[in-house]
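# Summary of the model geometry
Residue strings, one per chain:
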Amino acid sequence: MTAPKCIPLELVAGEAVGGKAEGLVRLLSYGFDVPAGFVVMGATSGNLPDDLDAQYERIGAGKVAVRSSAIGEDSGEASFAGQYETVLNVEGTEALRTAIEDCIRSLENARALAYRDEKTGQSEVQMNIVVQQMVDARAAGVLFTVNPVNARRDQVVVDAVAGLGEALVSGHATPDHWLLARDGSVFDSDIHGDAAVLSDAELTLLLDGALRAEEQYGAPLDMEWAIDESGELRWLQARPITQLPADPNELDTDPKPTDVYTWCNIGEMMPGAVTPLTYSVTGRGIDIGMQRSYRRMGANIPRGDNIRYVAMFYGHVFLNLSTLAELSAAVAGSTKAQMCMALCGRDVEEVADPEPEPALRRTFNGARYFAILLAASKHRRDLDSLLASLTLPKLGTARQLYRAIDDNLPKVWRAYDLHLMSSSSSGALSPILLGILAKGETPTQEHHALVAEMLAGAKGVESADIAEGVERVINRLLENPEAEGAFASADAEAALAWLRSADAGEAGEEFGRYLDRHGHRAVRELELRQKGWAADPAPLIASLQSGLRARLQHGTPDRPAAQRGSSSQDHPILRRLLPLAHAAIRTREHTKSGLVAVTTAFKHAYRALGASMVEEGRLPDEDAVFFLTHQELGELLQGRRKLAELAVSRRRVIDYQMPLHFPEIFSNRPEPLRLQPIEGEDGALVGKPVSRGTVTGRARVVETLEEAAQLQAGEILVAPITDVGWTPYFSLIAGLATDVGSAVSHGAVVAREYGLPAVVNLRVATSRFQTGDLVTLDGDRGTLTLA
């Protein structure tokens with residue numbers, strides 16, 4: 001057995017001294033002020049180094065801190081924070097020996113054994129001990145060079161308490177808290193006393209030192225520090241931050257500082273955070289589709305398929321209004337204000353008007369634009385043909401499956417191109433209707449409500465049939481005497497099995513027809529990770545069960561007829577435009593369904609690729625395929641095996657990204673915000689009316705589609721956003737209120753078809769109201785208030 005020994009921290013030269021001591025040694029080598037100390041190596045209970053007393057005398061023989069430094073402790077894989085013993089204010093040789101013995105014994109305490117078994121699987125570990133001079137601390141604390149809660153690399157966290165830091169790390173004291181940017185600006189702070197523990201100068205000193213240590217260490221750090229009574233900063237620990245997820249801003253767009261962005265429109269198509277694979281396929285498809293459409297209209301856009309109009313920040317997708325304004329410079333009849341009105345419901349003054357091209361060229365391009373609008377039915381047929389011809393293999397090696405997907409990706413770009421061209425008239429007509437009603441002025445809430453009324457009643461809208469089809473299935477279930485017990489009261493799995501059995505009769509056949517038509521649809525349906533209803537019918541079954549229970553309890557709801565645009569009859573231009581607007585909505589919703597069907601084919605293909613990569617040992621699980629971009633999947637197949645770890649790390653951060661909210665309009669990089677309500681004089685939340693009418697009822701506040709299964713007949717649905725995946729519940733509710741949305745969103749279209757009062761862009765409705773509140777939803781004024 002090797003005899004135990006002491007090594008001064010400044011003389012450690014490659015010995016395995018344990019994580020805590022290694023961190024201190026590195027800080028010393030970088031020139032940081034670290035309290036004098038030494039490492040006790042190889043000691044066991046009753047067998048301490050012969051020169052222990054001499055080393056204690058060498059560092060002053062005063063009060064010292066005695067801390068564990070076991071092999072594997074303070075590593076990037078496991079911190080062992082608080083698992084082993086730490087003894088502070090130790091004074092005298094006997095007390096020092098006792099403290100070291102306590103640390104050695106802590107190697108085998110129950111909590112350390114359990115933690116070590118879980119994190120490392122090691123059964124035997126060498127315990128080394130760090131002995132250092134105590135700092136007579138005026139203030140002490142911890143610092144993380146990245147935010148350990150959300151993994152943001154642009155945030156530094158500082159926690160500080162008066163006196164020793166032990167009360168902080170043990171959880172016995174509430175610290176002053178700062179969230180700093182790397183340039184020293186303050187994101188947020190929380191001060192608990194009459195005055196802050198740290199001055200601005202001390203914060204700057206800490207930040208500068210920590211960032212210097214991180215740069216030299218080459219990794220994000222968890223650091224402990226103390227400031228003594230003389231104002232000197234001493235560094236007590238530096239260790240890698242353990243189990244840090246991927247950077248939530250890793251795939252962010254590099255923006256031009258003057259460009260203006262919005263989540264309007266695209267945030268309804270793709271709500272929440274999207275996976276890297278979705279951004280590289282769906283987000284890129286939207287962008288390429290826009291570029292090709294704009295080129296056909298005559299806009300002078302550089303050749304190539306580089307991302308131009310779609311941006312990503314924090315995993316959320318946005319539109320670049322500044323580059324989208326290019327069209328208004330090239331096409332007569334198209335203006336920046338109209339583009340902003342179509343996307344955001346208002347002109348956006350922050351977006352500069354582009355320099356117009358010569359009048360003759362604009363006139364020629366205007367004719368091209370008009371021709372594209374007239375060709376909507378052809379684009380619709382072309383998308384139907386593309387979908388019918390699309391075939392992707394589900395069997396083969398990972399390389400074969402990837403090659404097949406890669407070869408067919410141009411069909412995704414083409415599908416977006418066709419959908420955007422066929423839906424151009426829908427986007428163009430809404431701001432025209434608003435402009436006519438407002439007579440050139442800024443549209444009011446009343447104008448938005450009138451346009452919503454005019455757009456109601458369009459027949460044969462694809463997305464409206466999603467809710468109507470649910471009612472057809474429920475009607476067949478009501479005719480089956482077994483349905484109440486075998487379906488309405490059963491768990492989802494048993495209910496699905498019964499509905500697919502012969503016992504369900506016509507209800508089962510109607511359900512089959514419904515899936516044939518709408519089985520590719522889902523909530524967040526352009527997200528490649530999201531399964532359609534045909535692959536995962538559970539959300540649809542929950543909706544059917546809720547609807548059936550409501551009908552059994554309350555009978556058929558007395559639903560008001562949808563408004564049919566009577567306000568247009570007094571205006572000859574509006575009277576002519578309205579049928580065109582209805583036709584445009586039908587075309588847009590049909591091609592959106594086709595686009596989703598194309599996307600669904602690629603969902604299945606990527607899942608097959610993921611399964612094959614798992615089988616070949618390239619990915620840990622099938623779901624990981626969605627957390628690499630399409631290009632990265634190809635690189636993984638070429639041998640970049642570390643990308644598999646990156647995929648798992650990215651998956652861990654999406655829960656932070658998903659619920660973030662951002663300003664509706666912003667320049668450069670956005671900062672997630674705490675939504676502030678817009679309130680009327682009576683305390684009502686004010687949003688945008690998209691379907692007229694007023695209703696009073698109980699609120700059902702839901703954050704997820706799973707929670708919507710608790711909806712009762714006649715309740716007012718209050719949700720963050722509703723895309724087409726929510727519409728099976730529209731036959732059940734009395735009104736719709738959402739935090740975000742627009743007059744042309746799918747939720748608004750279906751609400752108008754059902755005659756449901758609806759208000760969107762309420763911003764904080766889901767946090768302001770609670771399930772069970774009696775509320776009044778006013779689709780004329782655009783308000784939601786407690787009744």
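What counts, and where the lines are drawn
- Just so you know, the residues in each chain are numbered from 1, in the order the chain's sequence is written.
- Side-chain atom pairs in this predicted model are given and counted only at pLDDT of 80 or more, local residue features only at pLDDT of at least 70, and totals for whole chains, interfaces and linings cover all residues.
- Heavy atoms throughout the structure, all of them, feed into the side-chain values; hydrogens and water do not.
- To sort residues, take the accessible area from a 1.4 Å probe on protein chains only and compare it with the maximum for the residue type: under 20% means buried, over 50% means exposed, and anything in between is partly exposed.
- Helix and strand assignments follow DSSP, with helices taken as H or I runs no shorter than four residues and strands as E runs no shorter than two, numbered in order from the N terminus.
- A pair of strands is treated as paired once DSSP finds two or more bridges between them.
- Any pair of Phe, Tyr and Trp rings, taking the six-membered ring for Trp, is counted once the centres come within 6.5 Å. Such a pair is stacked with planes under 30 degrees apart, edge-to-face with planes over 60 apart, and tilted for the rest.
- We count a charge as sitting over a ring when the NZ of a lysine or the CZ of an arginine lies within 6 Å of the ring centre and within 35 degrees of the ring normal.
- Working rule for helices: expected span equals 1.5 Å times residues minus one.
- To obtain the bend at a residue, axes are fitted to the seven residues ending there and to the seven starting there, and the angle between these axes is taken.
- Confidence of the predictor at the level of single residues is captured by pLDDT, which takes values from 0 to 100.
- Contact between two residues is taken to exist if any of their heavy atoms lie within 4.5 Å; hydrogens are not considered.
- What we call a nonpolar core is a set of buried Ala, Val, Leu, Ile, Met, Phe, Trp, Tyr and Cys residues that are connected through their side-chain atoms within 4.5 Å.
- Two cysteine sulfurs form a disulfide in these notes if their separation is within 2.5 Å.
- Only residues whose relative accessible area exceeds 30% and that form no salt bridge are eligible for patches; like-charged ones are grouped when within 9 Å, while nonpolar side chains (Val, Leu, Ile, Met, Phe, Trp, Tyr) are grouped when within 5 Å.
- Note on areas: Shrake-Rupley with a 1.4 Å probe; residue coverage comes only from the protein chains shown.
- Every case where a carboxyl oxygen of Asp or Glu lies within 4 Å of a side-chain nitrogen of Lys or Arg is listed as a salt bridge.
- His is not counted here, nor are the chain ends, while Lys and Arg score as positive and Asp and Glu score as negative.
- To locate a charge, the coordinates of NZ of Lys, CZ of Arg, CG of Asp or CD of Glu are taken.

## Description of the pairing of strand β2 (residues 37-41)
A large share of β2 lies buried, amounting to 5 of its 5 residues. Neither face of β2 is exposed, since Gly37, Val39 and Met41 on one face and Phe38 and Val40 on the opposite face are all buried. Taken together, the 4 bridges between strand β1 (residues 5-8) and β2 define a ladder with antiparallel strand orientation. When the bridges of β2 are listed, lysine 5 appears paired with methionine 41. Taken together, the 4 bridges between β2 and strand β5 (residues 129-133) define a ladder with antiparallel strand orientation. Opposite glycine 37, over in β5, you have glutamine 132 as the bridge partner.

## Section: the packing of aromatic side chains
With the rule as written, the count across this model stands at 11 aromatic pairs. With a centroid separation of 5.9 Å and an interplanar angle of 75°, the aromatic rings of phenylalanine 313 and phenylalanine 666 are classed as edge-to-face. In this pair, phenylalanine 313 is assigned in strand β13 (residues 310-313) and phenylalanine 666 in strand β15 (residues 665-667), connecting sequence segments 353 residues apart. Accessibility expressed as a relative area gives 7% for phenylalanine 666, which makes it buried. Arranged with centres 5.4 Å apart and planes meeting at 90°, the rings of phenylalanine 318 and phenylalanine 662 form a pair that is edge-to-face. You can see phenylalanine 318 sitting in strand β14 (residues 316-320) and its partner phenylalanine 662 sitting in the loop between α25 (654-657) and β15, a full 344 residues away along the chain. Grouping residues by exposure puts phenylalanine 318 and phenylalanine 662 together as buried. Put simply, the rings of Tyr261, Phe313, Tyr314, Phe318, Phe662 and Phe666 pair up and form one aromatic cluster. Of note, arginine 212 hangs over the ring of phenylalanine 32, and the distance from its end group to the ring centre comes to 4.0 Å. When the ring centre of tryptophan 413 is taken as origin, the NZ or CZ atom of arginine 284, which lies over that ring, is 5.9 Å away.

## Points about helix α8 (residues 276-296)
Helix length check: α8, at 21 residues, gives a terminal C-alpha distance of 29 Å against a target of 30 Å (1.5 Å per residue), a fit within 8%. Of all the bends in α8, the greatest measures close to 25° and is centred on arginine 284. Most of α8 is tucked away: 18 of the 21 residues are buried.

## Some words on the confidence of the model for the protein chain
Confidence along the protein chain averages 87 in pLDDT terms, with 89% of residues attaining 70 or more. The secondary-structure element of the protein chain with the lowest mean pLDDT is helix α4 (residues 110-119), recorded at 48, while helix α23 (residues 630-637) shows the highest, at 98. Predicted confidence is poor over residues 74-82, with pLDDT under 50, and the contacts of this stretch with residues over four places away or in other chains come to 31 contacts. Contacts for the low-pLDDT stretch residues 560-565, under 50 throughout, to residues beyond four places or in other chains number 17 contacts.

## What about helix α6 (residues 200-217)?
Between its first and last C-alpha, α6 extends 25 Å over 18 residues, near the 26 Å set by a 1.5 Å rise per residue. Residues of α6 that are buried: Glu202, Leu203, Leu206, Leu207, Gly209, Ala210, Leu211, Ala213, Glu214 and Tyr217. Each element contacted by the buried residues of α6 is listed here: α1 (19-29), β6 (137-144), β7 (155-162), β8 (176-181), β10 (221-228) and β11 (233-240). Looking one or two residues beyond α6, the residue adopting positive phi is glycine 218, at roughly 80°.

## Quick look at the nonpolar core
In this structure, Leu321, Leu324, Phe602, Tyr606, Leu609 and Leu633 are the most contacted members of the largest nonpolar core, which totals 97 residues. Considering every element that reaches this core, the biggest residue donor is helix α14 (residues 398-422), with 11 residues. Other than its neighbours up to four places away in sequence, leucine 609 contacts Ala398, Leu401, Tyr402, Ile405, Val625 and Leu633. Judged by nonpolar contacts, the second largest core, of 37 residues, contains Val12, Val130, Trp178 and Ala210.

## Comments concerning the state of the cysteines
Inspection of the entire model under this criterion finds 0 disulfides. Distance from the sulfur of cysteine 340, which forms no disulfide, to the nearest cysteine sulfur (cysteine 344) is 5.7 Å. Among the cysteines around cysteine 344, which has no disulfide bond, cysteine 264 carries the closest sulfur, lying 3.9 Å off.

## Things to note about a negative patch on the surface
Together, Asp536, Glu703, Glu706 and Glu707 make up a region of like negative charge exposed at the surface. Position of glutamate 707 relative to the elements: it lies in the loop between β18 (694-701) and β19 (716-719). Accessibility expressed as a relative area gives 36% for glutamate 707, which makes it partly exposed.

## Here's the deal with the pattern of salt bridges
This model, assessed by the stated rule, comprises 41 salt bridges. Between glutamate 214 and arginine 182 there is a salt bridge; the shortest N-O distance is 2.3 Å. In this pair, glutamate 214 is assigned in helix α6 and arginine 182 in the loop between β8 and β9 (186-190), connecting sequence segments 32 residues apart. Where aspartate 780 meets arginine 692, a salt bridge forms, and the shortest distance between an N and an O atom there is 2.8 Å. With a gap of 88 residues between them, aspartate 780 in the loop between β22 (774-778) and β23 (783-786) and arginine 692 in the loop between β17 (688-691) and β18 connect regions that are remote in the sequence. Among the charged side chains, a network of salt bridges with common partners joins Glu462, Asp465, Arg472, Glu510, Arg513 and Arg517.

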